[in-house]
There are 2 protein chains.
Amino acid sequence: MTTSFTRLDDLHTEVDHRLRAFVDRQRPLVGGPELRPLLDALDDFLSGGKRLRPGFCYWGWRAGGGGDDPAIVTAAASLELLQASALIHDDVMDASDLRRGRPSVHRRFQALHEESGWQGSAAQFGEGAAVLLGSLLLVWSGEMWRTSGMPPEALAAAEPVHDLMRTELMCGQYLDLLEQAHGGGTFDSALRVALHKSGKYSVEQPLRLGLLLAVRREEPWIDRVCVGYGQRVGIAFQLRDDVLGVFGDPAETGKPAGDDLREGKRTMLIARTLSAASPGQADQVRRLLGDPALDGEGVARLREIIEETGALAASEEMIKRYLDDALTALERAPITAEAREALAGLAVAATSRRS
Amino acid sequence: MTTSFTRLDDLHTEVDHRLRAFVDRQRPLVGGPELRPLLDALDDFLSGGKRLRPGFCYWGWRAGGGGDDPAIVTAAASLELLQASALIHDDVMDASDLRRGRPSVHRRFQALHEESGWQGSAAQFGEGAAVLLGSLLLVWSGEMWRTSGMPPEALAAAEPVHDLMRTELMCGQYLDLLEQAHGGGTFDSALRVALHKSGKYSVEQPLRLGLLLAVRREEPWIDRVCVGYGQRVGIAFQLRDDVLGVFGDPAETGKPAGDDLREGKRTMLIARTLSAASPGQADQVRRLLGDPALDGEGVARLREIIEETGALAASEEMIKRYLDDALTALERAPITAEAREALAGLAVAATSRRS
């Protein structure tokens, strides 16, 4: 490998190659024809995704002084398997029908059951298969990380964060379930959930992993860039997610229009809407939000209220401010101009994305 | 640590201490009061269990020449977290209400939701929480294994099997889902599922892990004892499981009488029953098996048929034969008399258990 993946597209392509190579290596273990649907579902699932987490990990490594090394791309790519695991389980928990414009994994296995005319509940079969595939990918993600070819000392330095990140992810997702069950709290509680569930593990920790793999010890400047840049980009990333969940174009998000509204997601955007809403608006939000039968008119009305209360503008403003502050923090980091430029590009890509 | 845990009860107690110590170390990460129910559920869950897998791992280590080392007990204990993860997910997939005489984890969180008067579906909340706790324990199991204090060379020697075991477990559980969906196949297909789902990861692979940690390389005799003894004990273990699922005493199994019958589990016992049944008996089995409303009378009728067809006696006979053959293989293994005696005791405990 001689390229340094300055272009994100090149890194994306290489990450895809590594994922394919790892899954091909595992294929014989998942041998029988009956197991084939698990691998088919995985192949399809992995064909989507923006590979942002591997990007932050790879550029953390480069920012930490790591050179061109095939092992880092494999290690970074393993984060996509973790993400796939989380999304597959997430779709079961949210009972989501679609992911990236295709049936979610549990729906896919439900359809397999129905088409095959098997016995028992097709829905239960689908959920069971999705839980198992998600768990398999959680295991594989760790295996791919550890067998990436990174030297043992590098892995040992990053291991506590690798473990912590996954604990944070599971706990953050539980906090998210609670937030939905509580019917939503303040903006601050939604922010805390967003940070744990997604922000940390989408940006800050992948970046920190790459830095620790390269530097092989904790350093004050590593923590400063991970918090000052990484955590802010993570929050802006999640704020963008909230906006896309309400205003995103289905052709780009692969989810139905206003899907988060129908699911009743208690996001930072919704918390801000409710805190700024008139009593009449708040009543409407509470009545429409989370209605599984919410139609286009209902989605349009909720969108109006989110705009009228200024919550949408405030979210866009916050995304911009978090991004600006993140880029300022990045300026002060003792890293190469090349790494700085790439991380700036990743921050923009993560916060201005349309899907 | 000066004892060598020749008594299984002493090992059980020490495994419990290590589990407690590990969970206490993680407790600050799962800090907020909202996360407390996750740890409470885990504490309760870990208070049960027979610690068989840690036993096979510990005695694999001793059989491989490993000495008294606190690290092996910690490494072995980590297998209980993997088992807890699998059982919690299993109960979600089977929609089981009880585990060890108490509400299953998803029912426990469903009850928390109901008692708290939260919004949304309590059942969905319960399942989501159980999926997350199961995933958290899957991560923690790996973390406890790797941070057990075992030397890196020992861990490196066992790592491929550690990874393989977990892939086998997930794939085996998927095969089990399929077996239920297909409505059951032959005895051989049920045996294959049992071996993958439970046999390998309950006995053979924990034993192999302990051996590899101690010996630090593959050896023909290791494979011989793992297959000749371990695989046979694993199959007998699962055959005992099948019998307990139908004839077990609820006071000991912690599951309702005939629970496997109500769930319609396609076990080796049922495959044998169907293959030996008269047309009339087979009709009755197909009609009653898997009926969620199956009452005491239905359970009694199915038990009669399982006995009349000779399937029960055949299962007991097979358990005895597998156990005898396993003990013969053990005799030939080049291990100390102490390890041989302990492994013989574990084999008997695993196959003559009442819960």
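From a predicted model like this one, the values you see are computed outputs, not experimental measurements.

Definitions and cut-offs
Residues numbered from 1 in each chain as written. Chains lettered and ligands numbered in written order. Predicted model: local features only at pLDDT ≥ 70, side-chain atom pairs only at ≥ 80, totals over all residues. Heavy atoms only, no water. Helix = DSSP H or I, 4+ residues; strand = E, 2+ residues; numbered from the N terminus. Buried < 20%, exposed > 50% of the residue type's maximum accessible area, 1.4 Å probe, protein only. Core = buried A, V, L, I, M, F, W, Y, C linked by side-chain atoms within 4.5 Å. Contact = heavy atoms within 4.5 Å. Buried area = accessible area lost by both parts, 1.4 Å probe. Salt bridge = Lys/Arg side-chain N within 4 Å of Asp/Glu carboxyl O. Least-squares fit on C-alpha atoms with pLDDT ≥ 70 in both.

1. What about the environment of B:P152?
All names here are of chain B.
Piece 1. Mapped onto the secondary structure, P152 falls in helix α7 (residues 152-182).
Piece 2. According to the relative accessible area criterion, P152 is exposed, its value standing at 62%.
Piece 3. Residues P152 and P292, spaced 140 residues apart in sequence, show a C-alpha to C-alpha distance of 50 Å.

2. Concerning the nonpolar core
Piece 1. Counting residues in each nonpolar core, the largest one holds 182 residues, and the members touching the most others are A:Y229 and B:Y229.
Piece 2. What A:Y229 contacts, discounting residues up to four positions off in sequence, is A:F56, A:L207, A:R224, A:A326, A:A329, A:L330, A:L343, A:L346 and A:A347.

3. What to know about the interface of chain A and chain B
Piece 1. Taken together, the contact between chain A and chain B spans 50 residues of the former and 50 residues of the latter.
Piece 2. Between chain A and chain B lies a buried interface of about 4400 Å² when both sides are counted; carbon and sulfur atoms form 67% of it.
Piece 3. Together, A:L132, A:R146 and A:Y174 form the three largest contributors to the area buried by chain A at its contact with chain B, with a combined 16%.
Piece 4. With a shortest N-O distance of 2.7 Å, B:R192 and A:E34 are connected by a salt bridge.
Piece 5. Of all elements in the fold, only α2 (36-46), α4 (70-94), α5 (105-116), α6 (122-146) and α7 (152-182) of chain A reach the threshold of two or more residues within the side of chain A that touches chain B.
Piece 6. Top element by residues in the side of chain A that touches chain B is α7(A). It accounts for 15 residues.

4. Some remarks on the relation of the copies chain A and chain B
Piece 1. For these two chains of identical sequence, chain A goes onto chain B by a turn of 180° and a shift of 0.0 Å along the axis, with RMSD 0.0 Å. These values place the two chain copies in the arrangement generated by a two-fold rotation axis. The C-alpha atom lying nearest the rotation axis in chain A is that of A:S135; the distance is 3.4 Å.

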